[in-house]
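The chain contents come next:
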Amino acid sequence: MVALSKTVSRILIAAALAAVPMGCSDKGAAPDDRRVLEERDQKVDQATRGQISTVTAQAIGAYNNGDLTALLNISCGQLKSELEQTRPEAFGDEAKSDTAARGPGNVTDVSDIKVVGGVGSAAVTVRYARHVEGLDSDDSVRFSATYQKEAEVWRLCGLN
């Protein structure tokens with residue numbers, strides 16, 4: 001993960017690797033949920049697409065603002081557990097430093113949304129204001145995101 005700090009990158013990557021089997025799985029879901037998410041081509045309704053796009057933009061916005069509390073409020077699973085262990089001041093300082101280097105990120109695309117029960121995944125493209133090493137020629141980076149629906153609300157479980 002290029003656009004985020006090392007600490008936040010480790011948290012998000014660890015969360016993404018563990019999200020579906022550890023805390024972001026649907027009730028009764030099999031251990032191979034990742035394979036199911038990747039292979040199943042289920043039609044996703046517009047309301048779900050909108051909610052997943054919104055929570056993704058909120059997460060990037062929270063990082064841009066160094067707002068750990070806001071990110072905790074929309075996260076789930078291992079990501080949330082890891083973020084709960086992060087000092088708000090350190091999170092804010094790292095986010096401020098990253099944003100100063102490459103500018104704020106803006107979600108420009110949320111696609112390939114797949115949902116199985118209360119678990120989802122999507123491809124996310126974030127564009128930054130300035131080029132830094134690791135961004136493509138369009139000053140963008142593409143992430144793979146995982147989500148879980150809790151109490152009728154989609155939450156972000158991982159971004160890598």
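Refer to the structure above for everything that follows.
Computed from a predicted model, the values in this text were never measured in an experiment.

**Looking at the environment of Pro104**
Phase 1: For Pro104, the location among the structural elements is in the loop between helix H6 (88–102) and strand S1 (105–116).
Phase 2: For Pro104 and Val126, which are 22 residues apart along the polypeptide, the C-alpha to C-alpha distance reads 9.6 Å.
Phase 3: Beyond its immediate sequence surroundings of up to four residues, Pro104 is in contact with Asn64, Thr99, Arg127, Tyr128 and Ala129.

**A few points about the pairing of strand S3 (residues 140–150)**
Phase 1: Both strand S2 (residues 119–128) and S3 contribute to a ladder of nine bridges, which runs antiparallel. Residue pairing across strands places Arg127 opposite Ser140, the latter belonging to S3.
Phase 2: Both S3 and strand S4 (residues 153–159) contribute to a ladder of six bridges, which runs antiparallel. For Lys149, the partnering residue across the bridge sits in S4 and is Trp154.
Phase 3: Hairpin connection between S3 and S4: a loop of two residues separates the two successive antiparallel strands, and Ala151 in this loop has a positive phi of roughly 50°.

**Comments concerning the sheet that holds S2**
Phase 1: The antiparallel open sheet is built from four strands, whose spatial order is S1-S2-S3-S4. Across the chains shown, the open sheet's two edge strands, defined by having one partner strand only, are S1 and S4. Between one strand axis and the next, the sheet turns by 30° as a mean value, whatever way the strands run.
Phase 2: Contacts from helix H3 (residues 46–64) reach S1, S2, S3 and S4 within the one sheet, and its direction differs from that of S1 by about 140°.

**Brief notes about the pairing of S2**
Phase 1: Of all 10 residues in S2, nine are buried, a share of seventy percent or more.
Phase 2: Relative to S2, S1 runs antiparallel, the two being bridged by nine bridges. Bridged to Gly105 within S2 is Tyr128.
Phase 3: Between the end of S1 and the start of S2, which pair antiparallel, lie two residues, with Gly117 showing a positive phi angle near 65°.

**Comments concerning H3**
Phase 1: For H3, with 19 residues, the first-to-last C-alpha span of 27 Å sits near the 27 Å given by 1.5 Å per residue.
Phase 2: Taken as a whole, H3 has its buried residues at Thr48, Ile52, Val55, Thr56, Ala59, Ile60, Ala62, Tyr63 and Asn64.
Phase 3: For H3, the side-chain oxygen to backbone nitrogen distance between the N-cap and Ala47 is 3.1 Å, and the N-cap itself is Asp45.
Phase 4: Count one or two residues on from H3 and you reach Gly66, which has phi positive near 65°.

**Notes on the pattern of salt bridges**
Phase 1: All told, the structure shown has six salt bridges when counted by the stated rule.
Phase 2: One salt bridge in this structure joins Arg87 and Glu89, with 3.8 Å as the shortest N-O distance.
Phase 3: With a relative accessible area of 53%, Arg87 lands in the exposed category.
Phase 4: Within this structure, Asp109, Asp112 and Arg142 form a network of salt bridges that share partners.

The rules we used
Residues numbered from 1 in each chain as written. Predicted model: local features only at pLDDT ≥ 70, side-chain atom pairs only at ≥ 80, totals over all residues. Heavy atoms only, no water. Helix = DSSP H or I, 4+ residues; strand = E, 2+ residues; numbered from the N terminus. Contact = heavy atoms within 4.5 Å. Pairing = 2+ DSSP bridges. Axes fitted to C-alpha atoms, helices over the stretch in contact; angles between N-to-C directions. Buried < 20%, exposed > 50% of the residue type's maximum accessible area, 1.4 Å probe, protein only. Expected span 1.5 Å × (residues − 1). Polar contact = N/O pair within 3.5 Å; in protein donor to acceptor, adjacent residues only side chain to side chain. Salt bridge = Lys/Arg side-chain N within 4 Å of Asp/Glu carboxyl O.

Honestly, it's all geometry; don't read function into it.
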